[in-house]
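# Analysis of the macromolecular model
Residue strings, one per chain:
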Amino acid sequence: MKTYDVTAIGELLIDFTENGVSSQGNPLFEANPGGAPCNVLAMLTKLGHKTAFIGKVGNDFFGKQLKSTLEEVGIHADYLKMDEKVHTTLALVHTFPDGDRDFSFYRNPGADMMLTAEEVPEDLIQQSKIFHFGTLSMTHEGVREATKKAIRIAEEAGAIISFDPNLRPPLWDSLDNAKEQVLYGLEHCDILKISDNEIQWLTGEKDFTDGVNWINNRYHIPLILVSMGKDGSRAYYKGNMVEVAAFLQKNTIETTGAGDTFGGCTLHYVLEHGLEDLTDEDLKEMLTFANRAASLITTKKGALRVMPSKEELINDENFR
């Protein structure tokens, strides 16, 4: 029996999200804890799973706030390192009228980039059922080495490996380099969660099924999940495809964390049902639950601290 359900490596940062204007007409920003891997863990923790995070923040006001937040929501934070020289990474999130977003990052450098291979805890990964990662911890050489070391440990320990590219083009020196690291991720994962625009960028295919075929002809990933925003989501598994429509909320504020919430819920389903012999009905149940949760997070600011509970998912009037 392994101690942790899911361990993730990657970025933990502050998302400054717009929250009205001041009396002088200046935009106000709220400092929300964020970072895709921890958003995923926060959703899993809300659903009753034991989770842990590997990463680095600055030993500054924001870094201390982030560590406190992880402890508050129940993510094991003993392996969160505090950098004495480099500040916590910050992101300014601009929200468009339709709820979509644009990001401006303050990360040149940022503390999340400073994690080293020597700081990767082998014992923690060995004691994890699922290991989850993205590409923000692969943008620079040192943290890339740390991430790949963690992946090797997870593979040797027989963990299920989950990958979400979570492409952020401004953080890469070139998109060719980004594509190289995404392809590395595809080669080493059992579950791929990828967005509609990412699969089109990666494969050059406009049709998502053609894009999935492009991936599977090269990497043979057991479960591929395509998130399509307002168009819902798809699961591709053993030659079959299941699609479930999105749940659209009347009071959507922003979409920050929706994909991470979706991803966390799908990992929850895998933890409960395994990755073998899933039926189309299983996949439909998984996507429906994940779509519900993703829709609820769009009614809140931020994600990490405000993940929906099972009770919210059951009782929300939009799902009746």
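Before any of the text, the structure's been laid out above.
Definitions and limits used
- Residues numbered from 1 in each chain as written.
- Predicted model: local features only at pLDDT ≥ 70, side-chain atom pairs only at ≥ 80, totals over all residues.
- Heavy atoms only, no water.
- Helix = DSSP H or I, 4+ residues; strand = E, 2+ residues; numbered from the N terminus.
- Buried < 20%, exposed > 50% of the residue type's maximum accessible area, 1.4 Å probe, protein only.
- Contact = heavy atoms within 4.5 Å.
- Axes fitted to C-alpha atoms, helices over the stretch in contact; angles between N-to-C directions.
- Parallel < 35°, antiparallel > 145°, perpendicular 65-115°, else oblique.
- Left-handed = near helix turned anticlockwise from the far one by under 90°.
- Nonpolar A, V, L, I, M, F, W, Y, C, P; charged D, E, K, R; others polar.
- Pairing = 2+ DSSP bridges.
- Polar contact = N/O pair within 3.5 Å; in protein donor to acceptor, adjacent residues only side chain to side chain.

## Thoughts on the environment of Ile130
As for its placement among the helices and strands, Ile130 is situated in strand S8 (residues 128-133). The buried category is assigned to Ile130, whose relative accessible area is 0%. Sequence-wise, Ile130 and Asn197 are 67 residues apart; in three dimensions their C-alpha atoms are separated by 26 Å. The residues touching Ile130, leaving out its near neighbours within four places in the chain, are Asp5, Val6, Thr7, Ile160, Ser162, Leu267, Val270 and Leu271.

## What about the packing of helix H6 (residues 196-203) against helix H7 (residues 208-219)?
As a packed pair, H6 and H7 sit with axes 9 Å apart at the nearest point and diverge in direction by 55°. On the basis of their axis angle, the class for H6 and H7 is oblique. Taken as a pair, H6 and H7 cross one another with a handedness that is left-handed. Residue-level contacts link Asp196, Ile199, Gln200, Leu202 and Thr203 of H6 to Phe208, Gly211, Val212, Trp214 and Ile215 of H7. By residue class, the composition of the contact of H6 with H7 is six nonpolar, three polar and one charged.

## Looking at the sheet that holds strand S13 (residues 240-244)
A sheet is described by the order of its strands in space; here nine strands give the open sequence S5-S4-S1-S8-S9-S10-S11-S12-S13, paired in mixed fashion. Looking at the sheet topology across the chains shown, the edges are occupied by strand S5 (80-83) and S13. Each strand of the sheet is rotated relative to its neighbour by a mean of 15°, with strand direction disregarded. Sheet topology places S8 next to strand S9 (residues 160-163); four bridges connect them, and they run parallel. Opposite Phe131, over in S9, you have Ile161 as the bridge partner. Against the sheet, H6 engages strand S10 (191-195) and strand S11 (223-227), with an angle of about 100° to S10.

## Quick word on the environment of Asp207
For Asp207, the location among the structural elements is in the loop between H6 and H7. In this structure Asp207 comes out as partly exposed when scored by relative accessible area, which is 38%. Placed 11 residues apart in sequence, Asp207 and Asp196 show a C-alpha to C-alpha distance of 9.4 Å. Here the side chain of Asp207 touches Thr209 through a polar contact of 3.1 Å, landing on its backbone nitrogen. In terms of polar contacts, Asp207 uses its side chain to reach the backbone amide nitrogen of Asp210, at 3.0 Å.

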